[in-house]
Amino acid sequence: MHIQTATTQATRSASAPAMGPLQISEIILHTRHFELMQSWYSRLFDGLKPAVESEPQRGLKSAPEVTRLCFFRIHFQYPFTQVLGLFEVPEITSGSPRAPGLNHMQFREASLENLFQRYEMLKSEGVLPFKCYNHGPGSSFYYRDPDGNEVELSATNFANQEDYLAFMRSEAFRSNVEGHAVDAQRYIAEV
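Definitions and limits used
- Residues numbered from 1 in each chain as written.
- Predicted model: local features only at pLDDT ≥ 70, side-chain atom pairs only at ≥ 80, totals over all residues.
- Heavy atoms only, no water.
- Salt bridge = Lys/Arg side-chain N within 4 Å of Asp/Glu carboxyl O.
- Helix = DSSP H or I, 4+ residues; strand = E, 2+ residues; numbered from the N terminus.
- Buried < 20%, exposed > 50% of the residue type's maximum accessible area, 1.4 Å probe, protein only.
- Pairing = 2+ DSSP bridges.
- Phe/Tyr/Trp six-rings, centres within 6.5 Å; stacked < 30°, edge-to-face > 60°.
- Contact = heavy atoms within 4.5 Å.

Visitor: Now, about the pattern of salt bridges: what can you tell me, with residues and values included?
Guide: Tallied over the full model, the rule gives six salt bridges. We note a salt bridge from arginine 174 to glutamate 171, for which the minimum N-O separation is 3.5 Å. With arginine 174 and glutamate 171 both in helix α5 (residues 171-175) and three residues apart, this pair spans about one turn of that helix. Accessibility expressed as a relative area gives 43% for arginine 174, which makes it partly exposed. Each of the salt bridges in this network shares a partner with another, and the network as a whole consists of Glu35, Arg68 and Glu88.

Structural data, given as structure tokens:
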């Protein structure tokens, strides 16, 4: 058992880039019971309505089994947000690879620069994302932990809250909630 001391923390901090802490930003659940779950979480969050909701049968390019989705914005202090998302997967069963429950978790960086620095740091340790997306409001690099859980690292694409929220309300976002896939190296070079 290794006990981390103040000295080992200071050594690690001195050698690591100063990116600041990641914040839990998003938890996504798969469900067959979309309306029931949406109603339950709305009650749990004291009548909160979803900030974003897709229309039935729209689906996602990267997850075509998802027919509807919604996001409850629980807390928002730009650039950080805390969101619970529900992804409807009608064919889901307890024994299937896509069982009801956790789809992925997201951690938010303070900036794109920090997201890119963390990408470089992880890459130098042999840890690479299996997919990357420009979602419009933000950009995300997706990793798998040793147990295969999906971990999304993200940052906002906008310098201020007003532009971020305006894009979230736009038809461009409503018509393509998922955004588009990007190549990490090319994307970092272009941004």
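Visitor: Please provide a residue-by-residue account of the pairing of strand β8 (residues 150-156), values included.
Guide: Buried residues dominate β8, accounting for seven of its seven residues. Burial of the side chains of β8 extends over both faces: Glu150, Glu152, Ser154 and Thr156 are buried on one face and Val151, Leu153 and Ala155 on the other. Inspection of the sheet shows strand β5 (residues 101-108) paired to β8 by four bridges, in the parallel sense. Across the sheet, residue arginine 108 finds its bridge partner in β8, namely serine 154. With seven bridges connecting them, strand β7 (residues 138-144) and β8 associate as antiparallel partners. Bridging across to β8, tyrosine 143 finds its partner in valine 151.

Visitor: Which residues make up the packing of aromatic side chains, and what are the values?
Guide: This model, assessed by the stated rule, comprises 14 aromatic pairs. Residues phenylalanine 45 and phenylalanine 72 carry aromatic rings whose centres are separated by 5.9 Å and whose planes lie at 55° to one another, so their mutual orientation is tilted. Here the residue phenylalanine 45 occupies a position in the loop between α2 (34-44) and β2 (52-53), and phenylalanine 72 occupies one in strand β3 (residues 68-77), the gap between them amounting to 27 residues. A relative accessible area of 22% means that phenylalanine 45 is categorised as partly exposed. For the pair tyrosine 119 and phenylalanine 141, a centre-to-centre distance of 5.5 Å together with 80° between the ring planes defines the contact as edge-to-face. Linking tyrosine 119 in helix α3 (residues 112-124) with phenylalanine 141 in strand β7, this pair joins segments that are 22 residues apart in sequence.

Visitor: I'd like to hear about the side chain of serine 42, residue by residue, with values.
Guide: With respect to the helices, strands and loops of the structure, serine 42 is situated in helix α2. Residue class for serine 42 comes out buried when judged on its relative accessible area of 10%. When neighbours within four sequence positions are excluded, serine 42 is seen to be in contact with Gly47, Leu48, Lys49 and Phe72.

By themselves, these are just geometric observations and shouldn't be taken as functional.
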